[in-house]
Amino acid sequence: MPLSKYTLSNSKEERGAYGRIVDETKNAILSSFSDDSAFSGIDPLSLRKDVQSISLLDDEGLGFDGTLSLVKEKIMPHLLRTWSKSYMPHLHSPALLESLSAEMIISAFNDSLDSWDQGPAATEIEVMVIKGLLELFGFDSEKGDGAFTSGGSQSNLTAIIAARDKYINKNSNWDVKKRGLPEGYDRLRLYTSEISHFSMDKSAHIAGLGYDAVRHIPVNEKCQVNISAFERMLREDTDNGLKPFLAVATLGTTDFGSIDDVEGMKVLCEKYGMQLHLDAAYGSALILSDKEKHRLGNVSLADSITIDFHKMFLLPISCSAILFKNEEDLDPFLLHADYLNREEDEEDGYINLVGKGIQTTRRFDALKVLFSFKARGKKEYGRIIEKSLKNAEYVYRRLSEDPDFIVPVKPELSSVVFALRGGDDLNRRVRRSLLNEGTVIGQTVKDSLVMLKLTLLNPNIEHEDLDSLINRIKDLK
Ligand SMILES: Cc1ncc(COP(=O)(O)O)c(C=O)c1O
């Protein structure tokens, strides 16, 4: 098909062209795989050579068919198939089927969330979804607010900037937005566990505080913040003139899925005048299971919460939200631009969401949450989450009973970290061998030992699949 048509429109030809593009693309995707493996197993050097043989921009285009053929031949065979039951290294999930429909709608319309006139229904839906999420996590939806972001890292950064400004504005009577950071800001300290996500350190740097502002609290044997060590650290730091402004509890650590004690940390936050942020990027999906949500603790005690829908909620990238108990905490991000978010329009009821976060142009990711919540309902969604937890329990039980394995931590969510007895090189080699066979599992380090990791987000995984994988790992020993 020559690309004589530019965009979707109401003309018969362009409607037809869109229909054909969607059909052909669907056919190309479906014919690009014929087994259940996660990955072609190609080595990086061969793949790089193949990719570099593609020129980026030629004088004459290939048209839609030519380009789709090129992508089908050179790229699609080596894309990672996240839906494969052999893919379990990271908190990177397959997408629920119905969410692929939501993605099509999002990209076809291409609405943006910065101003009402760029996404009328998109804006109203995001506001409605944020309100619903506030209620789901126990916040007062009249007082709280939030926004969708590109991911957990950006949600955490948003929370850290908000907490920094709130603390300084309150304690130093200083407008950070206008005047930047005041003298003495290098004494501000953020407390989080030694195994929290690296976006804490990255955010502290971006927020002008630096890595040294992050105090990493030791964890206990369950990989949770050690509350007594936290209190000791706070006592010493305040004695030394440092200023604790924020504690971050992780509800689902990246490797172990461990969940910090929200209530215990809140007590210290109150005592030392700190705010409490929850990095629930991983564990937030437990809120959908009436049976399992108690594991999160009392999340409504927090000032802010990071939720990632592109992890355990199984929605396509990108899809994350940051929620605040008090809507004023989003003030650092509000700035009026004549071309975009005029105050006169806002007085007349037009909502411009650009003032709620870091991004300007922003995707309508809230539709994916609405779509899957409506399609599945809480009960079925909850069962999906519970299945991941049960699979992790099953693997933990099997490996703990097998003398060939070391399993250092009982899983709280859907990840199991373990090692074959026999040393670091053996474990590294096993992971590489599996990768070459098209099975992708994770690798990390615990107590200086190389460990393997299964992140069991895929609800299609059954016990037989796990048995086969465990047997294959043992064969590779
Ligand atoms: C606990 C935790 N927080 C934050 C993040 C960052 O999320 P994202 O990759 O969506 O930026 C991750 C990523 O794995 C995570 O595990």
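Shown above is the structure to which this text applies.
Residues numbered from 1 in each chain as written. Predicted model: local features only at pLDDT ≥ 70, side-chain atom pairs only at ≥ 80, totals over all residues.

A. Spotlight on the sheet that holds strand E10 (residues 415-420). Here we have five strands laid out as an open sheet, ordered E1-E11-E12-E10-E9, and mixed in their pairing. Looking at strand neighbours, the two that pair on one side only are strand E1 (87-88) and strand E9 (405-406), the edges of this open sheet. Across two bridges, the pairing between E9 and E10 is antiparallel. Residue pairing in the sheet places Phe405 in a bridge with Leu420 of E10. Here helix H13 (residues 424-436) sits on the sheet and contacts E10, strand E11 (440-446) and strand E12 (449-455); the angle it forms with E12, its principal contact strand, is near 35 degrees. (Pairing = 2+ DSSP bridges. Helix = DSSP H or I, 4+ residues; strand = E, 2+ residues; numbered from the N terminus. Contact = placed C-beta atoms within 7 Å. Axes fitted to C-alpha atoms, helices over the stretch in contact; angles between N-to-C directions.)

B. Region of the structure containing the environment of Val417. For Val417, the position within the fold is in strand E10. Sequence separation of Val417 and Leu452 is 35 residues, and the distance between their C-alpha atoms is 5.7 Å. Beyond its immediate chain neighbours, meaning those up to four positions away, Val417 contacts Asp255, Phe256, Pro408, Val409, Thr444, Lys446, Met451 and Lys453.

C. Representation of the site of the ligand in the model. Within the structure, the ligand sits among 15 residues, and Gly151, Gly152, Ser153, His197 and Thr254 are positioned closest to it. Sorting elements by how many residues they give to the shell around the ligand places helix H6 (residues 152-172) first, with three residues. Across the shell around the ligand, the residue classes tally to three nonpolar, ten polar and two charged. (Near = placed C-beta within 6 Å. Nonpolar A, V, L, I, M, F, W, Y, C, P; charged D, E, K, R; others polar.)

D. Geometry of the packing of helix H9 (residues 227-239) against helix H10 (residues 262-272). Put simply, H9 and H10 touch, their axes get as near as 10 Å, and they point 15 degrees apart. By the angle between their axes, H9 is roughly parallel relative to H10. Classified by chirality, the crossing of H10 by H9 is right-handed. Residue-level contacts link Ile227, Phe230, Glu231, Leu234 and Thr238 of H9 to Gly264, Leu268 and Tyr272 of H10. Classifying every residue of the contact of H9 with H10 by side-chain character gives five nonpolar, two polar and one charged. (Parallel < 35°, antiparallel > 145°, perpendicular 65-115°, else oblique. Left-handed = near helix turned anticlockwise from the far one by under 90°.)

E. Broad picture of the pairing of strand E8 (residues 320-324). Burial runs high along E8: five of the five residues are buried. Side chains of E8 alternate between two faces, with Ser320, Ile322 and Phe324 and Ala321 and Leu323 buried alike. Relative to E8, strand E2 (residues 145-149) runs antiparallel, the two being bridged by five bridges. Along E8, the bridge assignment pairs Thr149 with Ser320. (Buried ≥ 20, exposed ≤ 12 C-beta atoms within 10 Å, placed from the backbone.)

F. Structural context of the sheet that holds strand E4 (residues 214-217). Here seven strands make up an open sheet; going across it, the order is E2-E8-E7-E6-E5-E3-E4 and the pairing mixed. Only two strands of the sheet have a single neighbouring strand rather than two, namely E2 and E4. Taken over all neighbouring pairs, the strand axes of this sheet differ in orientation by 20 degrees on average, direction set aside. Where strand E3 (residues 188-193) lies against strand E5 (residues 243-250), five bridges are found, and the strand directions are parallel. Paired with Leu188 across the bridge in E5 is Lys243.

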